[in-house]
Amino acid sequence: NVQQSNLYVIGFSAALTIVLGGLLALAAVGLKPEQKKQEDLFKKKSILGAVMEIGPEDDVLEIYNKEIRSYVVDANGQRVEEVDGEKVVAEDVEVGKEFKKAPDERIYPVFEKLKDDGSLQSYILPVYGNGLWDKIYGYVAVEKDANTLAGAVFDHIGETPGLGARITEKKFQERLVGKKIKDENGQLVGITILKGEGTNPTSPHKIDGLSGATITSKGVQKMIYNYMDHYQPFFDNAKSNGGISLN
């Protein structure tokens, strides 16, 4: 009868939902290690991308393990080995999650790009902030003088294609190379991103922006300033320990 037919349909649907849900859960668990592996690989490629071009044939892990040294510092620029009794690893720090905390409560990863002889070439530091529609983030490389930018790589969650999303383009990122984040008195001034393009500013503290993406450009500007400010205690400690050369 109709009632039995309806009960059969409901029962069959419920059973099918349970079975499919179980299969999806098993698939998610099984794929999690591979997903984590790919996320780690992408992060390391991004870190390297701030200072070098990574080709499709390059062994990212080999280059990373040879040329990058990493650790974590607190808001006072002091090394952090453990958080809540657990060892902390720079590559595992979720900068987006730390961003939700007050700046003086965060931990800050530091990635050092090494020369062939193992000496320090530059610092690669994560940055995180707000774009027009959602979060923007990336890595900014700073020379040993804690002033000169050596490169950058940016990404976003939901900026507009052809406009704000252009922060991911090398053409924009390369404008930062060689620019200074401090003035002649050693005070942090950051980088001013101008409205529009084509001005080719000669100031060591200014770069062209992105036409039609003023808010996203200002988001990048603020993001760089904020994180360079957060890392100043670390730079001060590095300088006092001989890690920064002012030459």
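So, here's what we can say about the structure.

Reading guide: rules and limits
Residues numbered from 1 in each chain as written. Predicted model: local features only at pLDDT ≥ 70, side-chain atom pairs only at ≥ 80, totals over all residues. Heavy atoms only, no water. Helix = DSSP H or I, 4+ residues; strand = E, 2+ residues; numbered from the N terminus. Buried < 20%, exposed > 50% of the residue type's maximum accessible area, 1.4 Å probe, protein only. Contact = heavy atoms within 4.5 Å. Pairing = 2+ DSSP bridges. Axes fitted to C-alpha atoms, helices over the stretch in contact; angles between N-to-C directions. Arc of directions from axis to C-beta. Polar contact = N/O pair within 3.5 Å; in protein donor to acceptor, adjacent residues only side chain to side chain. Patch = residues over 30% accessible without salt bridge, like charges linked within 9 Å, V, L, I, M, F, W, Y side chains within 5 Å. Areas by Shrake-Rupley, 256 points an atom, 1.4 Å probe, with all protein chains shown as cover. Salt bridge = Lys/Arg side-chain N within 4 Å of Asp/Glu carboxyl O. Lys, Arg positive; Asp, Glu negative; His and termini not counted. Charge placed at Lys NZ, Arg CZ, Asp CG, Glu CD.

1. Remarks on the side chain of Gln173
Line of reasoning, step 1. Position of Gln173 relative to the elements: it lies in helix α4 (residues 170-173).
Line of reasoning, step 2. With a relative accessible area of 2%, Gln173 lands in the buried category.
Line of reasoning, step 3. When near neighbours in sequence (up to four residues on either side) are disregarded, Gln173 contacts Ala152, Val153, Phe154, Ile167 and Thr168.

2. Notes on unusual backbone geometry
Line of reasoning, step 1. For Asp84, which is not a glycine, the phi torsion comes out positive at approximately 55°.
Line of reasoning, step 2. Within the element layout of this structure, Asp84 appears in the loop between β2 (82-83) and β3 (86-87).

3. Focus on the sheet that holds strand β7 (residues 149-156)
Line of reasoning, step 1. Spatially, the 5 strands line up as an open sheet ordered β1-β4-β5-β6-β7, and their pairing is antiparallel. Looking at the sheet topology across the chains shown, the edges are occupied by β1 (68-74) and β7. Averaged over neighbouring strand pairs, the angle between their axes works out to 25° when direction is ignored.
Line of reasoning, step 2. As judged from the 4 bridges shared by strand β4 (residues 107-114) and strand β5 (residues 120-130), these two strands associate in the antiparallel manner. When the bridges of β5 are listed, Phe111 appears paired with Ile124.
Line of reasoning, step 3. Strands in contact with helix α5 (residues 214-230) are β4, β5, β6 (135-143) and β7; relative to β5, the strand with the most contacts, it is inclined by about 125°.
Line of reasoning, step 4. Seen against the sheet, helix α6 (residues 232-240) touches β1, β4, β5 and β6 and runs at an angle of roughly 170° to β5.

4. Some points on the pairing of β4
Line of reasoning, step 1. Counted residue by residue, β4 has 8 buried out of 8 residues, so it is predominantly covered.
Line of reasoning, step 2. Going residue by residue along β4, you find Ile107, Pro109, Phe111 and Lys113 tucked away on one face and Tyr108, Val110, Glu112 and Leu114 tucked away on the opposite face as well.
Line of reasoning, step 3. As defined by bridge partners, β1 adjoins β4 across 7 bridges and the pair is classed as antiparallel. Bridged to Ile68 within β4 is Lys113.

5. So, α6
Line of reasoning, step 1. Those residues of α6 not exposed but buried are Gln232, Phe234, Phe235 and Ala238. Projected down its long axis, α6 shows its buried positions confined to an angular sector of 155°, all on one face.
Line of reasoning, step 2. Contacts from the buried residues of α6 go to β1, β4, β5, β6 and α5.

6. Section: the side chain of Asn147
Line of reasoning, step 1. Relative to the elements of secondary structure, Asn147 occurs in the loop between β6 and β7.
Line of reasoning, step 2. Within the structure, Asn147 has its side chain in polar contact with the backbone nitrogen of Lys182 (distance 2.8 Å).
Line of reasoning, step 3. Residues within four places of Asn147 in sequence aside, it is in contact with Val142, Lys179, Lys180, Ile181 and Lys182.

7. Observations concerning a negative patch on the surface
Line of reasoning, step 1. A cluster of acidic side chains, namely Glu57, Asp58, Asp59 and Glu62, defines a negative patch on the protein surface.
Line of reasoning, step 2. Checked against the element boundaries, Asp59 lands in the loop between α1 (2-49) and α2 (60-67).

8. Topic: the environment of Gly77
Line of reasoning, step 1. Along the chain, Gly77 falls in the loop between β1 and β2.
Line of reasoning, step 2. A relative accessible area of 8% places Gly77 in the buried class.
Line of reasoning, step 3. Residues Gly77 and Phe235, spaced 158 residues apart in sequence, show a C-alpha to C-alpha distance of 7.4 Å.

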